[in-house]
Amino acid sequence: MTAEHWDARYRESERLWSGKPNDALVREVSDLSPGRALDLGCGEGGDAVWLARRGWRVTAVDVSRVALERAARHAAEAGVAERIDFQQHDLGESFPAGEFELVSAHFLHSLVDMPREEILRTAASAVVRGGVLLIVSHGGFPPWDHEHADVRLPTPQEILADLHLPEGQWEVQVCAEHERIQTGPDGTPVTRTDNTLRVRRSTVSR
């Protein structure tokens, strides 16, 4: 049902997202040396293409086959298709193999039931020593979403606690809220609050 839900969502328009990388990704990853990256919930590939252009080898994952087909097309148009391995996963059922210098999860939310905390803990286990886990999440729903306006989303501190990271083995580099401007359905700019969690795995075993 998760794949069917998201396939239907993507079929609603020719392009669901802007095609640009998320601002938080650019802000938090530009200082990292390229290596192997895992992009969870890659959508139409904006983040994966940006990473590949900067020299990363990317495993880009989504549950929607429609999204992955678009992402692969965008990667080919950008000339970086050979640097990105697109994989379909329902992350509640399967997870890509391998270890990564960067694991990125941007807005890994779903209105269909999804074991998000468990998925993010698995994501942390896929980070190599010295690597970074980057989780960017919505802090609340937009004002035009009246159906879910009363649903509370976790703070960055709560996301960190839910990861159950072993003490002394991770460095918390960023754990904070930030604001961004989003254009609403009527074309009006709206300020939204999101949050960023960036943690780095220690290079030594303790």
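Naming follows an unreviewed UniProt entry, where the protein chain appears as Methyltransferase of Actinoallomurus iriomotensis.

This paragraph deals with the packing of helix α5 (residues 116-125) against helix α6 (residues 156-163). In the contact formed by α5 and α6, the axes pass within 9 Å of each other and the chain directions differ by 70°. Considering their axes alone, α5 and α6 lie roughly perpendicular with respect to each other. Viewed along their axes, α5 and α6 form a crossing whose handedness is right-handed. Two secondary-structure elements touch here, α5 through Arg116, Glu117, Leu120 and Arg121 and α6 through Ile159, Asp162 and Leu163. Its residues placed into classes, the contact of α5 with α6 shows three nonpolar, no polar and four charged.

The next subject is the pattern of salt bridges. Opposite charge on two side chains lets them pair, provided their charged atoms get close. Applying the stated criterion across every chain yields a total of six salt bridges. Put simply, Glu28 and Arg27 hold a salt bridge, and the shortest N to O gap is 3.4 Å. Arg198 is the salt-bridge partner of Asp31, the closest N and O atoms lying 3.3 Å from each other. A residue pair is termed long-range when its members are at least 10 positions apart, and Asp31 in the loop between α2 (23-29) and β1 (36-40) and Arg198 in strand β7 (residues 189-201) qualify at 167 residues. Judged by its relative accessible area of 55%, Asp31 falls in the exposed class. Note on Arg198: relative accessible area 8%, which makes it buried.

Between helix α1 (residues 2-11) and helix α4 (residues 65-78), the shortest axis-to-axis distance is 7 Å and the interhelical angle comes to 50°. Of the possible angle classes, the one that applies to α1 and α4 is oblique. Between α1 and α4, the residues in contact are Asp7, Tyr10 and Arg11 and Arg65, Val66, Ala67 and Arg70, respectively. Within the contact of α1 with α4, the residues separate by chemical class into three nonpolar, no polar and four charged.

The next point concerns the sheet that holds strand β5 (residues 127-138). Ordered in space as β3-β2-β1-β4-β5-β7-β6, the seven strands form an open sheet in which the pairing is mixed. Unpaired on one side and paired on the other, β3 (84-88) and β6 (170-183) mark the two borders of the sheet. When strand polarity is set aside, the average angle formed by the axes of neighbouring strands in this sheet is 15°. In this sheet, β5 lies alongside strand β4 (residues 100-106) in parallel orientation, the contact comprising six bridges. If you follow His106 over to β5, its bridge partner there is Val136. Seen against the sheet, α4 touches β2 (57-62) and β3 and runs at an angle of roughly 170° to β3. Taken strand by strand, α5 contacts β1, β4, β5, β6 and β7, and its axis lies near 150° from that of β5.

Procedures and definitions
Residues numbered from 1 in each chain as written. Predicted model: local features only at pLDDT ≥ 70, side-chain atom pairs only at ≥ 80, totals over all residues. Heavy atoms only, no water. Axes fitted to C-alpha atoms, helices over the stretch in contact; angles between N-to-C directions. Helix = DSSP H or I, 4+ residues; strand = E, 2+ residues; numbered from the N terminus. Parallel < 35°, antiparallel > 145°, perpendicular 65-115°, else oblique. Left-handed = near helix turned anticlockwise from the far one by under 90°. Contact = heavy atoms within 4.5 Å. Nonpolar A, V, L, I, M, F, W, Y, C, P; charged D, E, K, R; others polar. Salt bridge = Lys/Arg side-chain N within 4 Å of Asp/Glu carboxyl O. Buried < 20%, exposed > 50% of the residue type's maximum accessible area, 1.4 Å probe, protein only. Pairing = 2+ DSSP bridges.

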